[in-house]
Amino acid sequence: MRRRTLLAGMTGAALITATPAHARSRRVLHVHPGDSLQAAVDAVDGPGRTIVVHPGTYRQVVDVPADKEELTIRGASRDPRAAVVVFDNANGTPKPDGSGTHGTAGSATFTSAAPGLTVRGLTLANDWLRADHPEITGTQAVAAHVTGDRTHFDNVRLLAHQDTLFADTTALDAFDRLYFHRCYIEGDVDFVFGRGRAVFDACHFHTLQREVAFTPKGMVFAPATARADPYGFLAVHGRITSGAEDAAYKIARPWVPSYETTAWPSLVVRDTWIGPGIDAVTPYTDMREAYPWQAMRFREHANSGPGAVITVPQNRPQLTAEEAAGHTRRTYLGDWRPYARP
């Protein structure tokens, strides 16, 4: 398995060391090569601040705590490939202090619990590879773990293999709203997963070639929606492509965590082009027999492409036109309308 190229169109990019960021004003912080993005986050002293990340590769872990409200982190360039935040922890990676392993959530390169967070024009990646660490069995390696109501990612690249994007909520009874617009998300196993109420608007999902002999090689989505939440994941006006052979991947499987067995996963994929990498005959599968996907809230509507062809109707539950009217950006996000901003 080859390590992906994270930084496109740039040469000679050095790895970044953790040194303090320099603030040009109290409201805007600039992070340049040689600076620490985490130091800039720590320096945020009130709501509504902006951190501008200049082109470079920042090999570090970033954690945005809940008290950094209404923070914007954006790339200085319009090209999200120009500024890359990357690290390589996995679930089974030992912590430096010897207190155990990181766990899935702890493996994330970028973590945020801040309400009102906006991330724009960046790449967030986890370049940990299974082939480099055959001794580790906990192979989940998260690029971004996000919670916090009104989290907005726009034109962000999210790169990893297993569990790329952990779209979660701060608590079981918190229906945190997450909005991803024009994002590129790639991975192999369950690479968009979690409990969050998340809208993926015009996003591109890409399944990687995985060097295994079995199929399915993985799944795009693994929602774990709380039973009390009427909405889970909504993917609309996007596309699903693949670097693997035809029918090697599934659209989704339900995740009912052992610590939260009341979950009732919800996923709607609508108005989306689905490529041949998705198994059109049986696009869903189970994670565990005790929680069959047929008992979950999995639906489709008005999809197109070779991976969307309906050959066995019972394997592809469809929304009626009336039902589809209840699964839109507006119904999922309510009075928060990030998609209406200029």
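Below, the structure is looked at part by part. (Residues numbered from 1 in each chain as written. Predicted model: local features only at pLDDT ≥ 70, side-chain atom pairs only at ≥ 80, totals over all residues. Heavy atoms only, no water.)

Overview of the environment of H204
Then, number 1: Structurally, H204 can be placed in strand β19 (residues 204-207).
Then, number 2: Taking relative accessible area as the criterion, H204 reaches 15% and is therefore assigned buried.
Then, number 3: Measuring from C-alpha to C-alpha, the distance between H204 and C183 comes to 6.3 Å, with 21 residues separating the pair along the chain.
Then, number 4: Other than its neighbours up to four places away in sequence, H204 contacts C183, Y184, I185, R239 and T241. (Helix = DSSP H or I, 4+ residues; strand = E, 2+ residues; numbered from the N terminus. Buried < 20%, exposed > 50% of the residue type's maximum accessible area, 1.4 Å probe, protein only. Contact = heavy atoms within 4.5 Å.)

Concerning unusual backbone geometry
Then, number 1: In the segment running from T215 into P216, the intervening peptide bond is cis, with an omega of 0°.
Then, number 2: Residue position: P216 is located in the loop between β19 and β20 (218-223).
Then, number 3: Look at D163: it is not a glycine, yet its phi comes out positive at around 65°.
Then, number 4: Along the polypeptide, D163 turns up in the loop between β13 (157-159) and β14 (165-167).
Then, number 5: D163 gets classed as buried once you look at its relative accessible area, which sits at 6%.
Then, number 6: Phi is positive for A247, close to 65°, though the residue is something other than glycine.
Then, number 7: Tracing the chain through its elements places A247 in the loop between β22 (239-242) and β23 (249-252).

Thoughts on the nonpolar core
Then, number 1: Membership of the largest hydrophobic core comes to 59 residues, with the highest contact counts inside it found for I51, I73, F110, F153, F200 and F221.
Then, number 2: Residues Y179, A324, L333 and W336 belong to the second largest nonpolar core, which totals 10 residues. (Core = buried A, V, L, I, M, F, W, Y, C linked by side-chain atoms within 4.5 Å.)

Quick word on the sheet that holds strand β8 (residues 110-112)
Then, number 1: The seven strands are arranged β5-β8-β11-β14-β17-β20-β23 in an open sheet whose pairing can be described as parallel. Each edge of the sheet is formed by a strand with only one pairing partner; in this case those strands are β5 (62-64) and β23. Adjacent strand axes in the sheet meet at a mean angle of 15° when their direction is disregarded.
Then, number 2: Of the strand pairs in this sheet, strand β17 (residues 192-194) and β20 are connected by three bridges, and their pairing is parallel. Opposite V192, over in β20, you have F221 as the bridge partner. (Pairing = 2+ DSSP bridges. Axes fitted to C-alpha atoms, helices over the stretch in contact; angles between N-to-C directions.)

Describing the pairing of strand β7 (residues 83-87)
Then, number 1: Among the five residues of β7, four are classified as buried, and the element is accordingly described as predominantly covered.
Then, number 2: In this structure, β7 lies alongside strand β10 (residues 123-126), joined through four bridges in parallel fashion. Looking at the pairing, V85 lines up with L124 of β10.

Observations regarding the sheet that holds β10
Sheets are built from strands that pair by backbone hydrogen bonding, the pairs being arranged parallel or antiparallel.
Then, number 1: Read across the sheet, eight strands follow the order β4-β7-β10-β13-β16-β19-β22-β25 without closing on themselves; strand pairing throughout is parallel. Two strands close off the open sheet at either side, each with one partner strand: β4 (56-59) and β25 (273-274).
Then, number 2: One ladder, built from two bridges, connects β22 with β25; its direction is parallel. Opposite I240, over in β25, you have I274 as the bridge partner.

Description of the pattern of salt bridges
Then, number 1: For the structure on display, the rule yields 18 salt bridges.
Then, number 2: The shortest N-O distance in the salt bridge between D45 and R49 comes to 3.0 Å.
Then, number 3: Accessibility expressed as a relative area gives 40% for D45, which makes it partly exposed.
Then, number 4: Taking relative accessible area as the criterion, R49 reaches 11% and is therefore assigned buried. (Salt bridge = Lys/Arg side-chain N within 4 Å of Asp/Glu carboxyl O.)

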